[in-house]
Amino acid sequence: MTPTRPPRNVNLQGLSAAEAQARLQRDGPNLLPGSTPRSLLAIVIGVLIEPMFLMLLVAGSIYLALGDRAEAMFLLSAVFLVIGITLAQERKTQRALESLRDLSAPRALVLRDGEEIRIPGREVVVGDLLVLHEGDRVAADAVLRDGQLDANESLLTGEAVPVAKLPGEKTGALFASTLVTRGVGVAEVIASGASTAVGKIGEALAATREPDSGLQKASRGLILNLSLAGLAIAAVYVLLNWLWDDHGLLESFLSGIALTMAILPEEIPVILTVFLALGAWRISQRKVLTRRVPAVEALGAISVLAVDKTGTLTQNRMQIAELDVEGASFRDAGASDLPESFHELVEFAMLATPLDPFDPMEKAIQAFGLRWLQGTEHVHAEWSPEFEYALSPQILAMTRVFRADAPDQHLLATKGAPEAVIDLCHLDSDNARAILDRVEAMAKRGLRVLGVARGRWKGDTPPRNQHDFSYQFLGLLGFIDPPRADAAAAIAECRGAGIRILMLTGDHPATARAIARQVGLSERPEVITGTEIEALDDAALSDRLRHVDLCARLQPIQKLRLVELLRKNGDVVAMTGDGVNDAPALKAADVGIAMGERGTDVAREAAALVLLDDSFASIVAAIRQGRRIYDNITKATRFVFAVHVPIIALALVPTLLHWPALLMPVHIVLLELLIDPACSIVFEAEPEAADTMTRPPRKLDDSPFALRHIGPAILQGMGFAVLILVGFGAMLHIGMLATQARTGVFIALVTGLFLLILANRQPSTALLARQRPGNRWLPRMFFGMVGVLVLAIAVPFLSRIMQLSVPTAATLGFVLAMLGLTVAWLESMRWIGRIASRRKGPATVMEIR
C-alpha cells in the first residue's frame, strides 16, 4: 500500500450563519435543473386521453345526437368531476413524492461559525467550507483548501480512474456531484446550483424518471388483454343488438360503450400508483426513506435480512472499556486514574489516529486519551504525520509515520486488527498465541478489540509496505458498543415473521457471537469468517450458510458474494451497508438499505431504502408497512374484479334475454365515482392485518393478479350478478314496471358494492360481524353511497336521466331479498376459502428457509 500524506489540521471558521443566509437569498438554493411537477394542463390532457374518458365523451356526443340533452350534460359534467378527483389524487401522490425527494436530497457537512454542522445540500452557498470524507458526494463546485483527496469525476469526464486533488486553485478543483473515493479535506465552494459544471451541462443530467415497478408492468399486460377482449365483446354485442333487437345503430353503439366501460378495469393503474407512492411516504414516517418506489413491493417478500452489527444492532457509540498490556488489564468503568503502565499504549493509539477523526472507534480513542492523558507529555496535538499507510484488504492495520527529533529518524504508530498487528510485529508463535487468547477472552465479553504497536524507522523514502518496518507490540484496546434497546424485540418480531437474520460484520467472531447472544439473533454458536468464505466454492458455501447465522471478519467483496449466493438459492435478500465498498452488495440485493446517519453518499445512492436513524427496529417497521401495502393492493384488486363482474353482467345479459336495458353509461359513470374512491382511499387506508408479522414472507413472484387472488373475487361477483339478474327477472315477471325493477337493481347493486368492500377488506371475518376498527374512511364511504342513492332517486333531474323512481314496498322487499342472498353467498365463499386453507395447511418458517 503506497503511503499518502494526511491533511493538515487547520483552524477554519467558515461563514457565519447570517452571511450564509444572506448568500442563500441572493444566489438561490443549490439545486440542479431538474424535472418539474406535471402541470395542471398536462394532468387534464392525461385524463382526457384515457380510454374510459374518451368513451364518456363519445357517449355524451351520441346522447346529443339522439336528442337526449340531459343524459349528455350529465356524462360531460361527469368528465369534469372525474378530472377533479384525478387532480386530487395526483396532487396527493405528488406531495408524497416531493416529501420523499426532500428527504433524499444530499446533505453536506460544512463549517459555520467555526462549528461543523450538517445541512441540506440545497442550503450550501458560495464561500461555504465543505468538510469532505471518503464516500461523500461533493455538494457544489469547490477548491480544496486543506487535505488530500481522490475524486471520481466519471460523471463529467467518463473516466473511471479517480483524480488526485491537492490544495490549490489548479490542483484542487472539485466539482458538484462527483465522489470522494479516498482521503479527508476541507474545500471552499466557488459555484452552486445551475452555475456548477454539472448545472451547465443541462437539465437532462439532473432529470430522473422513476422506473416502473414490477406490479405496474404486470398490470399493463393484464389491462391491455382485458381492453382488447372488452372491445371485441362490445363490437359483437353492438352488432347483435343492432341486428337482433332492431335497435338504431347509435343506440346499439351506446350499449356497446356501456359494456366496454363495464369491462375496463381502469382502477388498477390508480391503485398501483397511489398505493406505492403513499406507501413510500408512510414508510418515511417510520424513519425509512424510500429512494426507489418499486422497492416497496419487495419489502413484504424479504426472507433474509443481512445486517451489519455496528450502529444497526448496536448504538454506534463506541467507547474504550478495557485495556490490556501483557496480560494486565484496566477497566474504565469506575476507575479514578490510569496506571502509568498503560500510558504508552494510549499514547500510540492516539498517534495512530487523526486528531479530528470520522470513524466512531477513532473518536473513542481520542476521547479516552484526552480524558486520561490531558496535560501529560503523552499527548502530541501539535504533531503532524509525514506519511500514513491506510487500512487495506491485505493488511487490516494502519500506520502513521512521524518525524522524530534526530535526523532521518521517524516514529511509527500502528493500530488495527490484532491478528494484523501481531503479524506486523513478527512475534513468535507462543507470544502470538498468548495475545490471541486474550483477544478471544475480551471478544467473548462483547468487546471489539484493536491491537496497537510502535516502531522506529530511519530514512527519507518510506517503503511501499508496512511489513518493511520493525514494530513492538504494545497492547490491546477493548471497545464496547452497547446493543440498541429495541433490537431484541425487533429481531424476535422478524423471527416470528419467518425472516432469517444474518449478521455480516468485520468484527472478531467472538464479538459477533456475544452481540448476537445479547440481542437474541441466534442460538447457533457457529461463526463463519471471511477467510473461511474465501476458501469455499459456491456449493460448499451455500451448504454452510444453511447452518450459520453469523459472518465475521468480512471484506465488502465477500458481502457481495453472500448476497448473490443467497439470491441464487431463492431467498429474497435485504442488506444493510454504510461504506463506499458496500455499494455493489447494496445494489445486488433485492432491497439495499443504507445508513442515513453514518452512511456514505455512495451507499445511499446504491440503496433502495435509507434508514434515517440507522435503527434495526426501523427496518422491521418498514417490512411491516411493506406487507400492509401489498396486502391492501391485493384487497383492492380483488374488489375491482369482484365489482366489475356484476356490472358487466347487468350491461350484457338483459339485451341477450330481450329484457329492458339495466345499465347505461350514465349508471356506470355513477358507479365509477363510487368505485374509484373505494380503491384509492378506503383500501389504501386499511390498517394492517393481525397476522401481518406472524406469517411467512410471500414469494417475490407472487402477484395480486394471480388466479388464486382474483379467482375467488370473480366468483364473488358472479354469484352477486346471478342473484341480481334473478331478482330483476322476478320483478319483471310479476309485472313490475321497468323503472321500478331498475331502481331495485340499482339500490341492490350500490349497497352490494359496500358489501363487497367488507368482504374483501377482511376476507377471514364474517361479513356482518364487528369490523376491525382503524379505517376512518369506511363509514364515510357508506354514507357517501347512501347519499348517492338518495340523490339519484330523489332529485328529478338525476332520476329522469337514470330512469329510476321512488321504490315501492314491493321493490324494497326484492332489494332486501337480493341483499340477504348476497350476504349468504359471500359468507359461503368465506367458509369455502377457510376450509381450503385449512386443508392446505399454514406455511411455516422452516418452509421458507
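Residues numbered from 1 in each chain as written. Predicted model: local features only at pLDDT ≥ 70, side-chain atom pairs only at ≥ 80, totals over all residues. Heavy atoms only, no water.

**Q** In this structure, what is going on with the packing of aromatic side chains? I would like to understand it.
**A** Pairs of aromatic rings are described using the distance from one ring centre to the other and the angle between the two planes. Scanning the entire structure with this criterion turns up 12 aromatic pairs. Arranged with centres 6.0 Å apart and planes meeting at 45°, the rings of Phe330 and Phe342 form a pair that is tilted. Residue Phe330 is located in strand β11 (residues 328-331), and its partner Phe342 is located in the loop between β11 and α12 (343-351); the two are separated by 12 residues in the primary sequence. For the pair shown, Phe330 and Phe342 are each scored as buried. (Phe/Tyr/Trp six-rings, centres within 6.5 Å; stacked < 30°, edge-to-face > 60°. Helix = DSSP H or I, 4+ residues; strand = E, 2+ residues; numbered from the N terminus. Buried < 20%, exposed > 50% of the residue type's maximum accessible area, 1.4 Å probe, protein only.)

**Q** Sorry, what's going on with the sheet that holds strand β20 (residues 573-577) here?
**A** Within a sheet, neighbouring strands are paired by backbone hydrogen bonds and run either parallel or antiparallel to one another. In spatial order, the strands read β8-β22-β21-β20-β9-β17-β19-β18; together these 8 strands make up an open sheet with mixed pairing. Strands at the two margins of the open sheet, each flanked by one partner only, are β8 (288-290) and β18 (527-529). Averaged over all pairs of adjacent strands, the angle between strand axes in this sheet comes to 20°, irrespective of strand direction. Sheet strands touched by helix α20 (residues 556-568): β9 (304-308), β17 (500-504), β19 (550-552) and β20. Its angle to β20, the strand with the most contacts, is close to 165°. (Pairing = 2+ DSSP bridges. Axes fitted to C-alpha atoms, helices over the stretch in contact; angles between N-to-C directions. Contact = heavy atoms within 4.5 Å.)

**Q** Can you help me understand a negative patch on the surface in this one?
**A** Together, Asp113, Glu115, Glu116 and Asp356 give the surface a local cluster of negative charge. Counting through the fold element by element, Glu115 comes out in strand β2 (residues 115-120). (Patch = residues over 30% accessible without salt bridge, like charges linked within 9 Å, V, L, I, M, F, W, Y side chains within 5 Å. Areas by Shrake-Rupley, 256 points an atom, 1.4 Å probe, with all protein chains shown as cover. Salt bridge = Lys/Arg side-chain N within 4 Å of Asp/Glu carboxyl O. Lys, Arg positive; Asp, Glu negative; His and termini not counted. Charge placed at Lys NZ, Arg CZ, Asp CG, Glu CD.)

**Q** Help me out: how do you make sense of the confidence of the model for the protein in this one?
**A** Detailed reading of predicted coordinates is not advised where the pLDDT is low. Looking at the protein as a whole, the pLDDT averages 83, with 85% of positions reaching at least 70. No element of the protein has a lower mean pLDDT than helix α30 (residues 845-848), at 36, and none a higher one than α12, at 96. Low confidence marks residues 5-11, where pLDDT is under 50. Its contacts with residues over four positions away, or in another chain, come to 19 contacts. (pLDDT = per-residue confidence, 0-100.)

**Q** Can you help me understand the environment of Ala649 in this one?
**A** Mapped onto the elements of the fold, Ala649 is located in helix α23 (residues 616-656). On the accessibility criterion, Ala649 (14% relative accessible area) is buried. Residues within four places of Ala649 in sequence aside, it is in contact with Pro654, Ala721 and Leu725.

**Q** How do you make sense of the nonpolar core when you look at a structure like this?
**A** The tendency in soluble globular proteins is for nonpolar side chains to be buried side by side. Membership of the largest hydrophobic core comes to 122 residues, with the highest contact counts inside it found for Leu305, Ile501, Leu521, Phe616, Phe639 and Ile757. Looking at this core, the element that brings in the most residues is α23, giving 17 residues. With residues up to four places along the chain from it excluded, the contact list for Leu305 reads Cys494, Ile499, Arg500, Ile501, Leu502, Ala574, Ile593, Phe616, Ile619 and Ile623. By size, the runner-up hydrophobic cluster in this structure holds 29 residues, among which are Leu345, Trp372, Leu474 and Leu477. (Core = buried A, V, L, I, M, F, W, Y, C linked by side-chain atoms within 4.5 Å.)

**Q** Just to check I follow, could you spell out the side chain of Asp507 for this structure?
**A** Mapped onto the fold, Asp507 is located in the loop between β17 and α17 (509-519). Polar contacts involving the side chain of Asp507 include one to the side chain of Lys309, which spans 2.7 Å. Those residues in contact with Asp507 that lie beyond four places of it in its chain are Lys309, Thr310, Arg448, Ala552 and Arg553. (Polar contact = N/O pair within 3.5 Å; in protein donor to acceptor, adjacent residues only side chain to side chain.)

**Q** Please clarify how a nonpolar patch on the surface should be interpreted in this entry.
**A** On the surface, Val236, Leu240, Leu656 and Leu657 cluster together to form a nonpolar patch covering roughly 320 Å² of accessible area. Among the structural elements, Leu657 can be located in the loop between α23 and α24 (665-682).

**Q** What am I meant to see in unusual backbone geometry here?
**A** What is expected of a backbone is that most residues other than glycine have negative phi and most peptide bonds are trans. We note that Lys287 has phi near 70°; this positive angle belongs to a residue other than glycine. Inspection of the secondary structure assignment puts Lys287 in the loop between α10 (267-284) and β8. With a relative accessible area of 46%, Lys287 lands in the partly exposed category. You will see that Arg553, though not glycine, has its phi angle at about 55°, which is positive. The topology assignment puts Arg553 in the loop between β19 and α20.

**Q** Just to check I follow, could you spell out the sheet that holds strand β16 (residues 470-480) for this structure?
**A** Ordered by their spatial adjacency, 7 strands build an open sheet running β11-β10-β16-β15-β14-β13-β12, and the pairing between neighbours is antiparallel. Single-partner strands in this sheet number two, and they are β11 and β12 (387-389). On average, adjacent strands in this sheet sit at an angle of 20° to one another, irrespective of strand direction. In this structure, strand β15 (residues 448-458) lies alongside β16, joined through 9 bridges in antiparallel fashion.

**Q** Explanation requested: the pattern of salt bridges in the structure shown.
**A** If charged atoms from side chains of opposite charge come close, those side chains can pair. Tallied over the entire structure, the rule returns 33 salt bridges. Measuring nitrogen to oxygen at the nearest pair gives 3.2 Å for the salt bridge that ties Asp150 to Arg182. In this pair, Asp150 sits in strand β4 (residues 141-152) while Arg182 sits in strand β7 (residues 179-191), placing the two residues 32 residues apart along the sequence. A residue is classified by how much of its surface remains accessible, and Asp150, at 14% relative accessible area, is buried. Since its relative accessible area comes to 29%, Arg182 is described here as partly exposed. With a closest N to O distance of 2.6 Å, Arg445 and Glu322 form a salt bridge. Residue Arg445 is found in the loop between α15 (429-444) and β15, and its partner Glu322 is found in strand β10 (residues 319-325); the two are separated by 123 residues along the sequence.

**Q** What exactly am I supposed to notice about the pairing of strand β21 (residues 591-595) here?
**A** Side-chain direction in a regular strand flips from residue to residue, so the side chains alternate between the two faces of the sheet. Burial of β21 is extensive: 5 of the 5 residues sit out of reach of the surface. Here β21 shows a buried face lined by Val591, Ile593 and Met595 and a second buried face lined by Gly592 and Ala594. Looking at chain direction, β20 and β21 are connected through 4 bridges and run parallel. Paired with Thr576 across the strands is Ile593, a residue of β21. By the bridge criterion, 3 bridges tie β21 to strand β22 (residues 609-611) in an arrangement that is parallel. The residue of β22 that forms the bridge with Met595 is Leu611.

**Q** What exactly am I supposed to notice about helix α25 (residues 707-733) here?
**A** Three- or four-residue spacings in an α-helix give side chains the same orientation, since the helix completes a turn every 3.6 residues. In this model α25 runs 37 Å from its N-terminal to its C-terminal C-alpha over 27 residues, within 8% of the 39 Å that 1.5 Å per residue would give. Following α25 by one or two positions, Gly735 adopts a phi angle in the positive range, close to 90°. (Expected span 1.5 Å × (residues − 1).)

**Q** Help me understand the pairing of β10 in this model?
**A** For β10, the tally of buried residues reaches 5 of 7 residues, placing the bulk of the element in the interior. Looking at chain direction, β10 and β16 are connected through 5 bridges and run antiparallel. Looking at β16, one finds that Gln319 is bridged to Ile480. Turn length for the β10-β11 hairpin, with the two strands adjacent in sequence and antiparallel, is 2 residues, and the turn residue Glu326 shows positive phi of about 50°.

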